[in-house]
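One-letter residues, chain by chain:
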Amino acid sequence: GAVVSQHPSWVICKSGTSVKIECRSLDFQATTMFWYRQFPKQSLMLMATSNEGSKATYEQGVEKDKFLINHASLTLSTLTVTSAHPEDSSFYICSARASGGAYEQYFGPGTRLTVT
Amino acid sequence: DQQVKQNSPSLSVQEGRISILNCDYTNSMFDYFLWYKKYPAEGPTFLISISSIKDKNEDGRFTVFLNKSAKHLSLHIVPSQPGDSAVYFCAASPNSGGSNYKLTFGKGTLLTVNP
């Protein structure tokens, strides 16, 4: 149980284009989904928190107009990197927390984004 | 300001021995702690957690100890196996759902278990 999928697993795009990453909880309903970014040999940096049906809450320093998050249902959240630049190249990981009072987050396999 | 610290970037252990991974935290509002294991280019996998009302939680080969007064927790893996080789992240969450149960992660410790 508690499986989270992410698609695509890797993507290469050109500067100026937009890329959408999907995160799905496959066998549970996720009240809250989180989006993280990981740079090489560094920790997971929380970008934003999204609750189903409401606007995402972004961490300080994360541009909300650049990283658009939509949490349309209890099993799907999407992250769109708009007008991508090479510095946006990174490993993006989503996680989902089940409904109720559980603290545990279950992570997707991640998406490697390379912007050329 | 790093609120969750894993001061050892790496640890090397012989197969069959005990692995002890350490984590310190500074925020007294944290009341739930988790350990995740991560392989390169994959998402973290949840291992074990502990609430601040406990000082020990055990699950198979994995045991987490919490010392609230010292703001310190540790993960013990015994016996260690080569398949345990990965990066281990300590994470902490503050009390109350008002925080959306956000996790703050340490920088991770690379564990290598040698056959």
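Below you will find a few notes about this structure. Because the structure is predicted, anything quoted here is derived from the model rather than measured.

**Observations regarding the overall build of chain A**
- Within chain A one finds zero helices and eleven strands.
- Put simply, chain A runs from its N terminus to its C terminus through helices and strands in the order β-β-β-β-β-β-β-β-β-β-β.
- At 13 Å, chain A has a C-alpha radius of gyration in line with the 13 Å of a compact globule built from 116 residues.
- Considering only C-alpha atoms, chain A reaches an extent of 40 × 25 × 25 Å along its principal axes.
- For chain A, the residues scored as buried account for 49% of the 116 residues in total.
- Restricting the contact set of chain A to residue pairs at least 6 apart, pairs at least 24 apart contribute 55%.
- A total accessible area of about 5,500 Å² is found for chain A, and carbon and sulfur atoms account for 53% of it.

**Section: the pattern of salt bridges**
All names here are of chain A.
- Considering all chains together, one arrives at five salt bridges over all chains under this definition.
- When the shortest N-O distance is used, the salt bridge between D88 and K66 registers 2.9 Å. Pair noted here: D88 is in the loop between β8 (76-81) and β9 (90-98) and K66 is in the loop between β6 (57-58) and β7 (67-73), with a separation of 22 residues, a long-range link.
- Look at D88 and you get buried, because its relative accessible area is 5%.

**A word on the state of the cysteines**
- Summed over the entire model, instances satisfying the criterion amount to two disulfides over all chains.
- Bridging C23(A) to C94(A), the disulfide has an S-S length of 2.0 Å. Between C23(A) and C94(A) the disulfide shows an S-S torsion of about 80 degrees. By sign, it is right-handed. Here C23(A), found in strand β3 (residues 19-25), pairs with C94(A), found in strand β9; they are 71 residues apart in sequence, far enough to count as distant. C94(A) carries the same exposure label as C23(A), and that label is buried.
- Through a disulfide, C23(B) is tied to C90(B); the S-S separation comes to 2.0 Å. As the torsion about the S-S bond is roughly -70 degrees, the C23(B)-C90(B) disulfide counts as left-handed. A residue pair is termed long-range when its members are at least 10 positions apart, and C23(B) in strand β3 (residues 19-25) and C90(B) in strand β9 (residues 86-94) qualify at 67 residues.

What counts as what
Residues numbered from 1 in each chain as written. Chains lettered and ligands numbered in written order. Predicted model: local features only at pLDDT ≥ 70, side-chain atom pairs only at ≥ 80, totals over all residues. Heavy atoms only, no water. Helix = DSSP H or I, 4+ residues; strand = E, 2+ residues; numbered from the N terminus. Rg over C-alpha atoms; globule rule 2.2 N^0.38 Å. Buried < 20%, exposed > 50% of the residue type's maximum accessible area, 1.4 Å probe, protein only. Contact = heavy atoms within 4.5 Å. Areas by Shrake-Rupley, 256 points an atom, 1.4 Å probe, with all protein chains shown as cover. Salt bridge = Lys/Arg side-chain N within 4 Å of Asp/Glu carboxyl O. Disulfide = S-S within 2.5 Å.

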